[in-house]
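Single-letter residue listing:
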Amino acid sequence: MPRDTEQTPPAAVLNEQPAAVGDRLLAVANGEDIPSEVHDRVREETPVLEIDRFSLWYGRKQAIHSVSMPIPHNQVTALVGPSGCGKSTLLKSVNRLNDLVQNVRITGDMRLNGDSIYDPRMDVIDLRKRMGMVFQKPNPFPMSIYENVVYALRIDGERNRGVLDEACEVSLRGAALWDEVKDRLRDSALGLSGGQQQRLCIARAIAAEPEVLLLDEPCSALDPIATGKVEDLIQELRGRYSVLMVTHNMQQASRASDYTAFMYLGRLVEYGPTSDIFTKPILRETESYVTGRFG
């Protein structure tokens, strides 16, 4: 991926004064830069991932505008915002899925536990092994439930049956799926319900013990009952995994995450503890969005 070598300047304030709070989203829509409101409690956390003045273009169209945000270790962080605000683009940039898109250019950097994700020396295959990715639509492999879960270990060369069996059980228990499938591990994963398939995909992701688990609207293709089970699972993962999740569902973000970042037209607007974002945000634009007044 082409990358600008010059350092990306920090997000500029608007001339001598930043945009007035009531005019922030209008300023963004007009292509102006606004300073992000990042709560102090976010900065006090130990980050697993640091997004540093990251910008991304698809050809001439800029999709991400100088986003800087730390992702706390072993916490659940939700990215919210209207459709087209750049949240999925930002998420996919973490494991460099956007490398697969033509004419993509980036500036700035991301660091995973101190390692630059966009360093030219970074092995992208190794990078993706350090992350688990779960997409909107469940995508189990056309193989058994067991082989789905241990797939990452097998491609890494693990052949010890005891190790594989233990990893399978631990991961399925971690995904709250073990009791439902323990007697049919050799059955095809394609025979599971949609919600079970999505939890299987999460089990497959955590089997590799990722440093970050990336969830891209993991419940958008599920019915309400399956959604509830996946949300329960995300809450159970709190404190054990570092999770970065994109969701369009405000209630889901408020229930399942520790921190929430509000994005708008490719810019980070406000980022803080979920309880604060939903009950006492700094910006009234954030309050308007999370209460459903726009978007």
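Preceding this paragraph is the structure being described.
A few points on the structure. As the structure is a computational prediction, the values presented were derived from the model and not from experiment.

The rules behind these values
Residues numbered from 1 in each chain as written. Predicted model: local features only at pLDDT ≥ 70, side-chain atom pairs only at ≥ 80, totals over all residues. Heavy atoms only, no water. Salt bridge = Lys/Arg side-chain N within 4 Å of Asp/Glu carboxyl O. Helix = DSSP H or I, 4+ residues; strand = E, 2+ residues; numbered from the N terminus. Pairing = 2+ DSSP bridges. Buried < 20%, exposed > 50% of the residue type's maximum accessible area, 1.4 Å probe, protein only. Right-handed = clockwise from strand over helix to strand, strands pointing away.

### Quick word on the pattern of salt bridges
Here the structure, examined in full by the defined rule, presents 17 salt bridges. Among the ionic pairs, Asp52 bridges to Arg111, the shortest N-O distance being 3.3 Å. Taken as a pair, Asp52 in strand β2 (residues 47-58) and Arg111 in strand β5 (residues 104-112) lie far apart in primary sequence, 59 residues in all. Salt bridges linked by common partners bring Glu50, Asp52, Arg53 and Arg111 together as one network.

### Details of the sheet that holds strand β11 (residues 267-273)
Two modes of strand pairing occur in sheets, parallel and antiparallel, and in both the strands are linked by backbone hydrogen bonds. Spatial ordering of the open sheet is given by β1-β11-β10-β4-β9-β8-β7, a layout of 7 strands whose pairing is mixed. The open sheet is flanked by β1 (37-38) and β7 (131-134), the only strands paired with a single partner. Here β7 runs beside strand β8 (residues 212-216); their pairing, made up of 4 bridges, is parallel. Its bridge partner being in β8, Gly132 is matched across the sheet by Leu213.

### A look at the pairing of strand β9 (residues 243-246)
Burial along β9 is two-sided: the face carrying Val243 and Met245 and the face carrying Leu244 and Val246 are both buried. Two elements, strand β4 (residues 76-80) and β9, share 4 bridges in a ladder whose sense is parallel. Along β9, the bridge assignment pairs Thr77 with Leu244. Pairing of β8 with β9, which is carried by 4 bridges, proceeds in the parallel orientation. Bridged to Asp216 within β9 is Val246. With respect to chirality, the unit in which β8 leads through helix α10 (residues 224-237) into the neighbouring parallel β9 is right-handed.

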